[in-house]
Every structure is written in C-alpha cells, then in structure tokens.
Amino acid sequence: DVELSPAGVLVRVRRAKRDQEGVGAVVGLARQDLAEHDGGDALAAWLELAQLEHGPLWLSTHASAFTDRVLTARQVSRIVAHRCASAGLGQGWSAHSLRAGLATSAALAGVPGVLLARHTRHASLETLRPYLEGAEALGPTNPTRGLLR
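Predicted model, so just to flag it, every value in this text is computed and none were measured. Once a new chain begins, its residue numbering starts again from 1 and follows that chain's sequence as written. With the structure being a predicted model, the display of local features is reserved for residues of pLDDT at least 70 and the display and counting of side-chain atom pairs for 80 or more, all residues being used for whole-chain, interface and lining totals. Only hydrogens and water are removed before side-chain values are computed, so all heavy atoms of the structure are retained for them.

Chemist: Tell me about the overall build of the protein chain, residues and numbers included.
Modeler: The numbering of helices and of strands both runs from the N terminus, where a helix is a DSSP run of H or I of at least 4 residues and a strand a run of E of at least 2. The helix and strand inventory of the protein chain stands at 5 helices and 5 strands. For the protein chain, the N- to C-terminal ordering of α and β elements is β-β-β-α-β-β-α-α-α-α. Across its three principal axes, the protein chain shows a C-alpha extent of roughly 55 × 40 × 30 Å. Burial status follows relative accessibility: with a 1.4 Å probe on protein chains alone, a residue under 20% of its type maximum counts as buried, one over 50% as exposed, and anything between as partly exposed. By residue count, 20% of the 149 residues in the protein chain fall in the buried class. It only takes one pair of heavy atoms within 4.5 Å for two residues to be counted as in contact. In the protein chain, 25% of the contacts between residues at least 6 apart in sequence involve partners at least 24 apart. Put simply, the protein chain shows about 11000 Å² of open surface, and 58% of that area lies on carbon and sulfur atoms. Here, Shrake-Rupley sampling with a 1.4 Å probe gives the accessible areas, and only protein chains in the shown set may cover a residue.

Next up, the structure:
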C-alpha cells in the first residue's frame with residue numbers, strides 16, 4: 001500500500017522478517033528540496049511508466065517489458081551492483097547498501113539513532129551501531145568539528 005502526498009510517500013510494509021505476526025508498519029519517505037532527489041516524484045514516475053494501479057510495486061522486466069513477477073531481493077542486489085559499477089564505484093555493492101547508506105547518511109545529518117532505528121526497523125540500537133560508527137567518527141557531533149577557523 002502506497003500513498004503519495006505533498007509531504008512525501010507513506011508505504012505500508014505488510015510483513016517483514018522482524019514482524020512474524022504480520023502486524024505491518026508504515027514507513028515515510030519525506031519530500032526533498034531538490035526534485036532530482038525526491039523519492040515521491042520518482043515513485044510517481046515509476047507508477048505511471050509501469051502503469052501500476054494495484055498489485056506488487058516492484059516488477060521484474062524481460063526484454064525491456066514489465067512482467068507480472070515481483071522483483072526479488074537478489075535482482076535488486078544485481079541492479080545496485082551493476083549501477084554502482086557503471087558509476088565507477090567498484091565492486092561489493094548490493095541491495096543492503098541502500099539501507100546502510102540511508103543509515104550512514106541520516107546519522108551524518110544528525111538524525112538521532114532512536115529515530116533512525118525506528119525508521120529502518122532495526123531491532124535495537126545495537127544492531128544499528130555498525131552503520132553509525134563511521135558517521136559518529138566524522139559526523140556533526142565530532143568534538144574537533146569547527147575548532148580551527
């Protein structure tokens with residue numbers, strides 16, 4: 001379930017690894033100031049391109065045409081790896097890189113760990129910690145930031 005609004009996108013995740021009872025969760029994607037960075041605009045364009053009104057949000061393609069098959073995590077990893085390699089970023093990228101990148105970027109922007117863990121649906125701050133360590137080392141709370149001006 002997806003809801004587009006002027007404030008951003010609300011996505012209902014019906015079931016996840018941590019949600020064995022199938023309670024679900026709503027995850028928000030806020031509008032961004034720069035149009036080329038806005039997930040809501042990108043999603044609206046995707047929905048129009050794929051002509052989606054109901055059913056799965058992410059579909060596989062074959063011979064440049066959409067299929068009725070859901071895009072798998074493995075396919076997402078292959079896409080991410082391919083796009084990163086094409087951009088000259090080297091090897092080792094996967095679908096998990098998207099989640100890790102969000103966590104690190106948000107931490108660098110000063111988003112508190114508790115809010116970030118809730119958004120990324122990490123079980124605890126401890127499971128989120130590996131993503132935050134680099135951000136904390138060089139982020140806005142680094143005690144050496146701005147000392148020499």
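Chemist: Any chance you could break down the sheet that holds strand β3 (residues 25-30) for me, citing the residues and the numbers?
Modeler: Across the sheet, which stays open at both edges, the 3 strands sit in the order β1-β2-β3 with antiparallel pairing between neighbours. Both outer strands of the open sheet, β1 (2-5) and β3, are each paired with one neighbouring strand and no more. Sheet twist, expressed as the mean angle between neighbouring strand axes with direction ignored, is 15°. For two strands to be treated as a pair, DSSP must find at least two bridges joining them. Both β1 and strand β2 (residues 8-13) contribute to a ladder of 4 bridges, which runs antiparallel. Bridge pairing in β2 links L4 to V9. Between the N-to-C directions of two axes lies an angle of 0 to 180 degrees, each axis being a line fitted to C-alpha atoms and, for a helix, fitted only over the stretch in contact. Together, β1, β2 and β3 form the strand contacts of helix α1 (residues 39-50), whose direction differs from that of β1 by roughly 120°.

Chemist: Could you give me a rundown of the packing of helix α3 (residues 95-108) against helix α4 (residues 113-120), with the residues and numbers involved?
Modeler: At their nearest, the axes of α3 and α4 sit 10 Å apart, and the two run at 160° to each other. When the axis of α3 is compared with that of α4, the two are roughly antiparallel. Here the hand of the crossing between α3 and α4 comes out right-handed. Across the interface between the two elements, R99, L102, A103, A106 and A107 of α3 pack against L116, H119 and T120 of α4. Of the residues contributing to the contact of α3 with α4, the split by class is 5 nonpolar, 2 polar and 1 charged. In what follows, roughly perpendicular refers to angles from 65 to 115 degrees, roughly parallel to angles under 35, roughly antiparallel to angles over 145, and oblique to any angle outside these ranges. In this scheme the handedness of a crossing depends on how the near helix is turned from the far one: anticlockwise by less than a right angle means left-handed, clockwise means right-handed. Residue type decides the class: Asp, Glu, Lys and Arg count as charged, Ala, Val, Leu, Ile, Met, Phe, Trp, Tyr, Cys and Pro as nonpolar, and the leftover types, Gly among them, as polar.

Chemist: I'd like a rundown of the environment of R69, residues and numbers included.
Modeler: Along the polypeptide, R69 turns up in strand β5 (residues 65-70). C-alpha separation for the pair R69 and G110, spaced 41 residues apart in sequence, amounts to 39 Å. Apart from the residues lying within four places of it in its own chain, the contact partners of R69 are W58, L59 and S60.

Chemist: Requested: an account of the packing of aromatic side chains, with residues and values cited.
Modeler: Pairing of aromatic side chains requires ring centres within 6.5 Å, counting the rings of Phe and Tyr and the six-membered ring of Trp. Pairs whose planes differ by under 30 degrees are stacked, by over 60 edge-to-face, and all others tilted. Going through the model one piece at a time under the given rule, you end up with 1 aromatic pair. Arranged with centres 5.7 Å apart and planes meeting at 35°, the rings of W46 and W58 form a pair that is tilted. One end of the pair, W46, is in helix α1; the other, W58, is in the loop between α1 and β4 (59-62), and 12 residues separate them in sequence. Residue W46 is classed as buried on the basis of its relative accessible area of 19%.

Chemist: Can you break down the nonpolar core residue by residue, with the values?
Modeler: Within this scheme, the nonpolar core is defined by two criteria: the residues are buried Ala, Val, Leu, Ile, Met, Phe, Trp, Tyr or Cys, and they are joined through side-chain atoms within 4.5 Å. Ranked by size, the top nonpolar core spans 10 residues in total: A100, A103, A106, A107, L116, A117, L128, Y131, L132 and A135. If you list the elements that add at least two residues to this core, you get α3, α4 and α5 (125-138). Among residues more than four places away in sequence, those in contact with Y131 are H96, A100, A103, T104 and H122.

Chemist: Give me the pairing of β4: which residues, what numbers.
Modeler: Judged from the 3 bridges that link them, β4 and β5 form a sheet pairing that is antiparallel. Following the sheet pairing, T61 is matched in β5 by F66. Counting the residues between successive antiparallel strands, the hairpin from β4 to β5 contains 2 residues, one of them, A63, with a positive phi of roughly 55°.

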